[in-house]
Amino acid sequence: MMSTCLTALIVLLSSLQLVVSKNADTPLLPLALPLRGGATPNPSHPAPKDLDWSTFGFSLNNLKTPYMYLDQLSGSSSHATFDGSGGGSGSLKSGWHNKNNPPKARTLITKHKPLSLEPSSTILNYGQGLFEGIKAFRRPSNEIVIFRPQKNAERCRRGCARILIPPIPDATFVEACKEVVRYNAEYVPPTGKGALYLRPIVFGSAPKLGVAPSDEYTFCVWCSPVGNYFKTDSNATQTTLLSSVSPITLLVSRSYTRSCVGGVGGVKAVGNYAPVFKCQSETKAQGFNEALFVDAKEGQWIEEAGASNFFIYIPHPNKPGGTLVTPPLNNGTILAGVTRDSILTLARAELPDVTVEERPINLSELSSASEAFCCGTGASITPVGDIHVPSVTEEGEETKFIFYNGDRKAGEVTEKLYKMLHDIMWGEDKRLEKKYADWITVVPPLPK
Ligand code: PLP
Ligand code: COI
């Protein structure tokens, strides 16, 4: 009798297949039902939408994905702990979650919509906000994975501590990203045609006049499918090797700096980006792809290229191998890129002929480098073809450093790093996949 009633209930729920959320904007959530015999269903992600993915660039590509994640925390920011172990304990709207208040990410998924803000909110007036950039990939098996969201969660937490935003616990941040990908799975491009780019944003959303932190915060994760950051050969997909990416040209910025010691260059504060627009536009007007920023004090030490980290490779003069160098993070002026960290780890562990150094790079050292590249979530690994260094004086001459031999292709070490990184993302090298399994967060499909 009991089992007949249970079966009837399951049949009823199966036919409904929906649970209505208490949040009116939240989509109707499919319910996962156990199969007969206790086995769980094994659904798979929907196929990518029928779009011309090969035309996608690093832009919104004229579309909006259907869902986003939206949470708010109100109450005094002084309630928050800044080590990421807890959220605010003020009066929560839904609030950041912590160990005692486990993630309810699903219930915070809402239809993509504009956010409404008081003109006096601290984000609009004082720039109290941070953003992150993360990619989700579709593997050939149709599995969908996110690359190292835990690292972005940690970086966001450090950024929150710097500009006094109650930190989002890492687990909450990662769960939010996973749910956004699950709900927008149709917008994860086919393997090799790009990625679903996630933008977690967190900012002060309460009205305030005094120059002080907000009393209310908004955490939203929106997303957009993207192609390459820089242009590639027209027929190339991202699974082809890096040789399909044209090396870019960089111009050292003499008039503008991105960050200084004691500032916020080391965190992903929204206010770091608009000040770069003018420099970027002038750099492009002169025919270069990106600006290369040097230190604010001496103007001699390389920091970052546009919104990406920078590496050079210096071959040993009389034996195989060489040294891979990137500027260090200790001044707090350079963003601790997740891609940068991945490259350093891979080079140290997988390229025995390569010595890895995190140390200052003087502009004069570019002459001994045979390869240079930029890296970031958006930029992936982008080879640099040449770097132009204007003179510091008006009469002086510009110096030009070239990093390719005739055919404008990425160098060998750059290519190897690119391949390893993408093999891990796309699950195309079993050994690497196993060794770096903790870099990959698998997104479970929504129940059908
Ligand atoms: N530097 C800046 C200023 C950036 O905005 C980014 C992008 O996030 C990076 C470097 C690269 O960081 P990641 O590899 O985490 O994307
Ligand atoms: C990224 O690479 O994810 C970034 O956030 C850099 C840029 C697109 C702003």
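For the protein chain, the name recorded in an unreviewed UniProt entry is Branched-chain-amino-acid aminotransferase, with Triparma laevis f. longispina as its organism. For the record of the protein chain, the UniProt heading Sequence similarities (unreviewed entry) holds the text "Belongs to the class-IV pyridoxal-phosphate-dependent aminotransferase family." According to UniProt, the comment filed for the protein chain under the heading Cofactor (unreviewed entry) is "pyridoxal 5'-phosphate".

Moving on, we come to the nonpolar core. Y69, V181, L198, V202 and F219 are the most contacted members of the largest nonpolar core, which totals 42 residues. Contributions of two or more residues to this core are made by β3 (67-74), β6 (134-138), β7 (144-147), α3 (149-162), α4 (170-183), β8 (195-204) and β9 (216-226). Dropping the residues within four chain positions of it, V202 is found in contact with W96, Q128, G129, L130, C156, C160, I165, I168, T218 and F219. Grouped together as the second largest cluster of nonpolar side chains are 29 residues, A195, V354, V356 and V413 included.

Per the counting criterion, the structure on display carries 11 aromatic pairs. Measuring from centroid to centroid gives 5.5 Å for Y69 and F219, while their planes differ by 65 degrees, and the two rings are edge-to-face. Placement of Y69 in strand β3 and of F219 in strand β9 is noted, with a sequence separation of 150 residues between them. F219 shares its class with Y69; the two are buried.

Compared with an ideal rise of 1.5 Å per residue, which puts 14 residues at 20 Å, α4 spans 20 Å between its outermost C-alpha atoms and is within 8% of the ideal. For α4, the buried fraction is high: 12 of the 14 residues fall into the buried class. Among the residues making up α4, those that are buried are D170, T172, F173, V174, A176, C177, K178, E179, V180, V181, R182 and Y183.

Quick look at the site of ligand 2 now. In the region of ligand 2, the neighbouring residues are F58, F131, G133, Y197, R199, Y229, K268, Y273, A307, T377 and G378. In this structure, K268 approaches ligand 2 through a side-chain N or O atom, which is 2.7 Å from an oxygen atom. Here G378 contributes a backbone N or O atom positioned 2.8 Å from an oxygen atom of ligand 2. Starting from 280 Å² of accessible surface for ligand 2 in isolation, the protein chains cover 88%.

Cut-off values and rules
Each chain has its residues counted from 1, following the order in which its sequence is written. The lettering of chains begins at A and the numbering of ligands begins at 1, in the order of writing. The predicted origin of the model limits local features to residues at a pLDDT of at least 70 and limits the giving and counting of side-chain atom pairs to 80 or more, whereas totals for whole chains, interfaces and linings rest on all residues. For the side-chain quantities, the full set of heavy atoms in the structure was used; hydrogens and water were omitted. UniProt positions are given in the numbering used here, feature names are shortened, and annotations may be inferred rather than shown by experiment. What we call a nonpolar core is a set of buried Ala, Val, Leu, Ile, Met, Phe, Trp, Tyr and Cys residues that are connected through their side-chain atoms within 4.5 Å. Burial classes: relative accessible area under 20% of the type maximum marks a residue as buried, over 50% as exposed, and values in between as partly exposed (1.4 Å probe, protein chains only). Secondary structure elements are defined from DSSP: runs of H or I of at least 4 residues count as helices, runs of E of at least 2 residues count as strands, and each element is numbered from the N terminus. Contacts between residues were defined by any pair of non-hydrogen atoms, one from each residue, lying within 4.5 Å. Only the six-membered ring of Trp is used, alongside the rings of Phe and Tyr, when aromatic pairs are assigned; centres must lie within 6.5 Å, and planes under 30 degrees apart are stacked while those over 60 apart are edge-to-face, with the rest tilted. Helix span is expected to be 1.5 Å times the residue number reduced by one. Any residue with a non-hydrogen atom lying within 4 Å of a molecule or strand is treated as near it. In protein, a polar contact requires one atom able to donate a hydrogen and another able to accept it; more generally it is a pair of N or O atoms within 3.5 Å, and residues adjacent in sequence count only if both atoms are side-chain atoms. Surface accessibility follows the Shrake-Rupley procedure with a 1.4 Å probe radius. Residue values consider only the protein chains on display as shielding.

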